[in-house]
Amino acid sequence: MTFKDKVIEVVASIPYGKVTTYGTVALLAGIPRGSRMVGAILHFNAERFDLPWHRVVNRHGYISTNCAEHTRDIQKGLLEQEGIEVSPSFIVHLKKYGWFGEDEAIKNN
DNA sequence: GAGCTGACAATAG
DNA sequence: GCTATTGCCAGCT
């Protein structure tokens, strides 16, 4: 079980209509400061494992994505389809939609 | 096989 | 409170 696999499980455990941060995913994956890799792992494994990468934003609730294949516009659209309100500035209200692993993600031991 | 890069976050000043 | 530096490790060259 590598950090990559944990990240995949955590991201896959994000409830519908909720969003989380890279720091939270990294923390649940066992690396409190491995937030950088979360994005990288998602970038390479999101489509491969069919992960809801769009539910992951930075700690400001802002869509950090700058990839040509995964633009903020795409993520914003996906979030809106989840029923999540996204500000015109691509900001998500973590106060309302923020998820910090209150459920299965803690089953990591 | 070794080094560099990378969807960020936390700590220190 | 804000700016600057360090840290994490998988994936790519």
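To keep things clear, this report deals only with the structure shown in the data block. Because the structure is a prediction, the values reported are computed rather than measured.

1. Some points on the environment of Y62
Examined against the element boundaries, Y62 turns out to sit in the loop between β2 (56-57) and α4 (72-81). For the pair formed by Y62 and L94, sequence separation is 32 residues and the distance between their alpha carbons is 9.5 Å. Once you skip the residues sitting within four places of it in the chain, Y62 turns out to touch V57, R72, S89, F90 and I91.

2. A closer look at the protein's contact with DNA strand B
The immediate surroundings of DNA strand B are formed by 16 residues, with S35, R36, G39, R59 and S64 found nearest. Among all atoms of DNA strand B positioned within 4 Å of the protein, those belonging to sugar or phosphate total 48%. In this structure, G39 approaches DNA strand B through a main-chain N or O atom, which is 2.2 Å from a base nitrogen. One nitrogen or oxygen atom from the side chain of S64 is found 2.2 Å from a phosphate oxygen belonging to DNA strand B. For the surface near DNA strand B, the element with the highest residue contribution is helix α3 (residues 35-49), accounting for 7 residues. Of the residues contributing to the surface near DNA strand B, the split by class is 6 nonpolar, 8 polar and 2 charged.

3. So, the protein's contact with DNA strand C
Around DNA strand C, the structure places K4, I31, R33, G34, R36, M37, F44 and N45. In DNA strand C, the atoms that sit within 4 Å of the protein are 61% sugar and phosphate, with bases accounting for the remainder. Between DNA strand C and R33, the relevant distance is 2.9 Å, taken from a base oxygen to a side-chain nitrogen or oxygen of the residue. In the model, a base oxygen of DNA strand C is placed 3.1 Å from a nitrogen or oxygen of the R36 side chain. The residue inventory of the surface near DNA strand C, partitioned by class, reads 3 nonpolar, 2 polar and 3 charged.

About the cut-offs
- Residues numbered from 1 in each chain as written.
- Chains lettered and ligands numbered in written order.
- Predicted model: local features only at pLDDT ≥ 70, side-chain atom pairs only at ≥ 80, totals over all residues.
- Heavy atoms only, no water.
- Helix = DSSP H or I, 4+ residues; strand = E, 2+ residues; numbered from the N terminus.
- Contact = heavy atoms within 4.5 Å.
- Near = heavy atom within 4 Å.
- Polar contact = N/O pair within 3.5 Å; in protein donor to acceptor, adjacent residues only side chain to side chain.
- Nonpolar A, V, L, I, M, F, W, Y, C, P; charged D, E, K, R; others polar.

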